[in-house]
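Residues per chain are reported as follows:
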Amino acid sequence: AGGPTDALSRIVADELKAGLARAVIVENKPGAAGAIGTRSVLAAPADGNTLLVGNIQTHATAPFLVKDAGYDPIADFDAICGLVDMHHVLIVRRDLGAASVGELVAKAKAAPGRLNFGSTGVGSGSHLAMELFMAKTGTSMQHVPYQGASQMAGEIAAGRLDLALAVLPTVTAALEAGQVTALAVA
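Residues numbered from 1 in each chain as written. Predicted model: local features only at pLDDT ≥ 70, side-chain atom pairs only at ≥ 80, totals over all residues. Heavy atoms only, no water.

Chemist: Quick question: what am I supposed to make of the overall build of the chain here?
Modeler: A count of helical and extended segments in the chain gives seven helices and five strands. Put simply, the chain runs from its N terminus to its C terminus through helices and strands in the order α-α-α-β-α-β-α-β-α-β-α-β. Its C-alpha atoms give the chain a radius of gyration of 18 Å, within 12% of the compact-globule value 16 Å for 186 residues. On the principal axes, the C-alpha backbone points of the chain span a range of 55 × 35 × 25 Å. Looking at the chain residue by residue over its 186 residues, the buried ones come to 36%. When contacts within the chain are restricted to residue pairs at least 6 apart in sequence, long-range pairs at least 24 apart make up 67% of them. Surface accessibility of the chain: about 10,400 Å² in total, with carbon and sulfur atoms responsible for 55%. Seen as two clouds, the 13 positive and the 16 negative side-chain charges of the chain have centres 9 Å apart. (Helix = DSSP H or I, 4+ residues; strand = E, 2+ residues; numbered from the N terminus. Rg over C-alpha atoms; globule rule 2.2 N^0.38 Å. Buried < 20%, exposed > 50% of the residue type's maximum accessible area, 1.4 Å probe, protein only. Contact = heavy atoms within 4.5 Å. Areas by Shrake-Rupley, 256 points an atom, 1.4 Å probe, with all protein chains shown as cover. Lys, Arg positive; Asp, Glu negative; His and termini not counted. Charge placed at Lys NZ, Arg CZ, Asp CG, Glu CD.)

Chemist: Help me understand helix H4 (residues 101-110) in this model?
Modeler: For an α-helix, 3.6 residues make a turn, and residues three or four places apart therefore share a direction. Residues of H4 that are buried include every one of Leu 104, Val 105 and Ala 108, and no others. On an axial view of H4, the arc spanned by its buried residues comes to 100°, and they lie on one face. At its buried positions, H4 is contacted by strand E1 (88-93), helix H5 (125-137), strand E4 (163-167) and strand E5 (180-185). (Arc of directions from axis to C-beta.)

Chemist: Hey, could you run me through the nonpolar core in this one?
Modeler: As a rule of thumb, nonpolar side chains are buried together in soluble globular proteins. If you look at the biggest cluster of nonpolar residues, it comprises 16 residues, and the most contacted ones within it are Leu 90, Leu 104, Leu 115, Met 130, Phe 133, Met 141 and Leu 163. Elements with a contribution of two residues or more to this core: E1, H4, H5 and E4. The contact partners of Leu 104, leaving out residues within four places of it in the chain, are Leu 90, Val 92, Leu 96, Ala 98, Leu 115, Phe 133, Leu 163 and Leu 183. Counting twelve residues, the second largest nonpolar core, distinct from the first, contains Val 89, Tyr 146, Met 152 and Val 171. (Core = buried A, V, L, I, M, F, W, Y, C linked by side-chain atoms within 4.5 Å.)

Chemist: So what exactly am I meant to see when it comes to the packing of aromatic side chains here?
Modeler: Two measures describe an aromatic ring pair: the distance that separates the ring centres and the angle between the ring planes. Overall, the coordinates contain one aromatic pair when judged by the stated rule. Between Tyr 71 and Phe 77, the aromatic rings sit 6.0 Å apart at their centres with planes inclined by 85°, giving edge-to-face as the arrangement. (Phe/Tyr/Trp six-rings, centres within 6.5 Å; stacked < 30°, edge-to-face > 60°.)

Chemist: Looking at this structure, how should I read the side chain of Thr 170?
Modeler: Note on placement: Thr 170 falls in helix H7 (residues 168-176). The exposure class of Thr 170 is buried, given its relative accessible area of 16%. A distance of 2.7 Å separates the side chain of Thr 170 from the backbone oxygen of Val 167, its partner in a polar contact. With sequence-adjacent residues up to four places away left out, Thr 170 is seen in contact with Gly 3, Pro 4, Ala 149 and Ala 153. (Polar contact = N/O pair within 3.5 Å; in protein donor to acceptor, adjacent residues only side chain to side chain.)

Structure (structure tokens):
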């Protein structure tokens, strides 16, 4: 709840409600990189009344990285449309002392395993992106998985988490309030 998929789902639900002239309910079921909610949609009657707002986690990574995800993203679902592409931003807590990617890499190399990064779950896009970042930069950091982007963003803003590669909408308010520092956009 509170993450980009949730926010997008609520926008779509409002438009569907207006167009269908009936109630449209958004139900969040987080966990297992989206596999829990995705399985619940798969188990619902195939009557056109239950829709899934899928994302890269539910349809590209979770089926391959979550043990027994319980669904096939191609065979089990029919795509209706694409909704949005979201930019990711590499953010750090405000007082980390890294004003550039180069400074972050130097800090991480100086203290291997001491910095921690957040993700929206094991095997999520934010987790895999940080693993790639560490592989490309020769750094080592501790992974801290969260159930959602809003939790993760709040932890960085509060200074309890060092950094993350997050989708921009989840950290825009923290960026505008000066609670986090953005180092790069992907």
